[in-house]
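One-letter residues, chain by chain:
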Amino acid sequence: MSRRCDVTGAKPSFGNAVSHSHRRTRRRWNPNLQNHRYWLPSERRWVSLTLTAKALKTVDRKGIEKVVAELRARGAKV
């Protein structure tokens, strides 16, 4: 499973961890991914999405029907 949000496309970002002695080692920042199941009334079925916390708020604001329509317009399988 890739660590990527289905709605926003957020993925891990990379950089350096800097210690007290200022030595740099590579590290990564993972997005805050949550698995969430939504009921699609138009299709009478559940849809599972992997979303960031920000995308959860986006779905709450726009509605699951509109978000799924945008995903399908992009060519994503839902």
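Residues numbered from 1 in each chain as written. Predicted model: local features only at pLDDT ≥ 70, side-chain atom pairs only at ≥ 80, totals over all residues. Heavy atoms only, no water.

1. Quick look at the overall build of the protein chain
Of the regular secondary structure elements, the protein chain holds 2 helices and 4 strands. Across the protein chain, helices and strands are ordered from the amino to the carboxyl terminus as β-β-β-β-α-α. A compact globule built from 78 residues should have a C-alpha radius of gyration of about 12 Å, whereas the protein chain, at 17 Å, is more than 25% larger. Seen through its principal axes, the protein chain has C-alpha atoms that stretch 60 × 20 × 20 Å. A total of 78 residues make up the protein chain; the buried ones form 27% of that total. Expressed as a percentage of contacts within the protein chain between residues at least 6 apart in sequence, the contacts between residues at least 24 apart total 32%. Element-wise, carbon and sulfur atoms account for 49% of the exposed surface of the protein chain, whose accessible area totals about 5900 Å². Seen as two clouds, the 19 positive and the 5 negative side-chain charges of the protein chain have centres 14 Å apart. (Helix = DSSP H or I, 4+ residues; strand = E, 2+ residues; numbered from the N terminus. Rg over C-alpha atoms; globule rule 2.2 N^0.38 Å. Buried < 20%, exposed > 50% of the residue type's maximum accessible area, 1.4 Å probe, protein only. Contact = heavy atoms within 4.5 Å. Areas by Shrake-Rupley, 256 points an atom, 1.4 Å probe, with all protein chains shown as cover. Lys, Arg positive; Asp, Glu negative; His and termini not counted. Charge placed at Lys NZ, Arg CZ, Asp CG, Glu CD.)

2. Focus: the pairing of strand β2 (residues 24-29)
In the case of a regular strand, side chains alternate between the two sheet surfaces. Relative to β2, strand β1 (residues 13-18) runs antiparallel, the two being bridged by 6 bridges. Considered in β2, the bridge of Asn16 is made with Arg26. Hairpin connection from β1 to β2: 5 residues lie between these consecutive antiparallel strands, with His22 at a positive phi of about 70 degrees. (Pairing = 2+ DSSP bridges.)

3. Some thoughts on the nonpolar core
In terms of nonpolar packing, the biggest core is built from 15 residues, with Cys5, Val7, Tyr38, Leu49, Leu51, Val59 and Ile64 touching the most fellow members. Only β3 (33-40), β4 (45-52), α1 (53-62) and α2 (64-74) provide two or more residues apiece to this core. Of the residues forming this core, the biggest block, 4 residues, is contributed by α2. In contact with Val59, other than residues within four places in its own chain, are Tyr38, Leu51, Ile64 and Val67. (Core = buried A, V, L, I, M, F, W, Y, C linked by side-chain atoms within 4.5 Å.)

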